[in-house]
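# Tertiary structure, described
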Amino acid sequence: MRDVFTRLYSDGRAYAEAEVERQKLRAGIVGAGIRDALIFATAGIMLVFAAIVAGLVGIILALSPLVGPGWATGAVFGGALVIALLLLLVAKGRIDRMKKAVKP
């Protein structure tokens, strides 16, 4: 009977150690996946910002012959600020709506 309990204990311990190693491996795989996803997302976001800047510069260059470089820059800058303000107001409205929905 003693041998059975000794074997049961050693088997249980070996199973627990194997399970710990398995969970460590899973955590490593998930961590590597999250790291890679963040790297790709960061690169994508940087490219989006670069494309926005390139688009704004293109609009300035296209408007320059019509109204001059100073006015073209002002128009694009002002338009970008108006769009940013509208987006921030929409975001604020969403947050306010969420707060009302969650409020006890």
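About the criteria used
- Residues numbered from 1 in each chain as written.
- Predicted model: local features only at pLDDT ≥ 70, side-chain atom pairs only at ≥ 80, totals over all residues.
- Heavy atoms only, no water.
- Helix = DSSP H or I, 4+ residues; strand = E, 2+ residues; numbered from the N terminus.
- Rg over C-alpha atoms; globule rule 2.2 N^0.38 Å.
- Buried < 20%, exposed > 50% of the residue type's maximum accessible area, 1.4 Å probe, protein only.
- Areas by Shrake-Rupley, 256 points an atom, 1.4 Å probe, with all protein chains shown as cover.
- Lys, Arg positive; Asp, Glu negative; His and termini not counted.
- Charge placed at Lys NZ, Arg CZ, Asp CG, Glu CD.
- Salt bridge = Lys/Arg side-chain N within 4 Å of Asp/Glu carboxyl O.
- Polar contact = N/O pair within 3.5 Å; in protein donor to acceptor, adjacent residues only side chain to side chain.
- Contact = heavy atoms within 4.5 Å.
- Axes fitted to C-alpha atoms, helices over the stretch in contact; angles between N-to-C directions.
- Parallel < 35°, antiparallel > 145°, perpendicular 65-115°, else oblique.
- Left-handed = near helix turned anticlockwise from the far one by under 90°.
- Nonpolar A, V, L, I, M, F, W, Y, C, P; charged D, E, K, R; others polar.
- Patch = residues over 30% accessible without salt bridge, like charges linked within 9 Å, V, L, I, M, F, W, Y side chains within 5 Å.

## Some words on the overall build of the protein
If you tally the helices and strands in the protein, you get two helices and zero strands. In terms of overall size, the protein is more extended than a compact globule, its C-alpha atoms giving a radius of gyration of 29 Å where 104 residues would be expected to give roughly 13 Å. Its C-alpha atoms give the protein principal-axis dimensions of roughly 95 × 40 × 10 Å. Within the protein, the proportion of its 104 residues that are buried is 5%. For the protein, the exposed area adds up to about 9100 Å²; of that, 75% sits on carbon and sulfur atoms. Both charge centroids of the protein, one from 13 positive and one from 7 negative side chains, sit 17 Å from each other.

## Side note on the pattern of salt bridges
Applying the stated criterion to the full structure yields five salt bridges. With its nearest N and O atoms 3.7 Å apart, the salt bridge here joins Lys24 to Glu21. Separated by three residues within a single helix, Lys24 and Glu21 lie in helix α1 (residues 2-67), roughly one turn from each other. According to the relative accessible area criterion, Glu21 is partly exposed, its value standing at 48%. Between Asp96 and Lys92 there is a salt bridge, with its nearest N and O atoms 3.0 Å apart. Note that Asp96 and Lys92 are positioned in helix α2 (residues 69-102) at a spacing of four residues, about one turn of the helix. The class for Lys92 is partly exposed, based on a relative accessible area of 48%.

## Description of the side chain of Ser64
Residue position: Ser64 is located in helix α1. For Ser64, the side chain forms a polar contact with the main-chain oxygen of Ile60, separated by 2.8 Å. Beyond its immediate stretch of four places on either side in the chain, Ser64 contacts Pro69 and Ala72.

## Concerning the packing of α1 against α2
Between α1 and α2, whose axes approach to 7 Å, the crossing angle comes to 135 degrees. In terms of orientation, α1 and α2 fall into the oblique class. For the pair α1 and α2, the sense of crossing is right-handed. For the pair α1 and α2, contact is made by Leu56, Ile59, Ile60, Leu63, Ser64 and Val67 and by Pro69, Trp71, Ala72, Thr73 and Val76, respectively. Looking at side-chain class alone, the contact of α1 with α2 contains nine nonpolar, two polar and no charged residues.

## Let's talk about a nonpolar patch on the surface
Taken together, the side chains of Ile45, Val48, Phe49, Ile52, Leu56 and Ile59 make up a nonpolar region of the molecular surface, amounting to roughly 540 Å² of accessible area. Tracing the backbone through its elements, the reader meets Phe49 in helix α1.

## Some words on the environment of Val102
Along the chain, Val102 falls in helix α2. Overall, Val102 belongs to the exposed group, its relative accessible area being 63%. Distance from Val102 to Phe49, taken between C-alpha atoms, is 33 Å for residues 53 residues apart in sequence.

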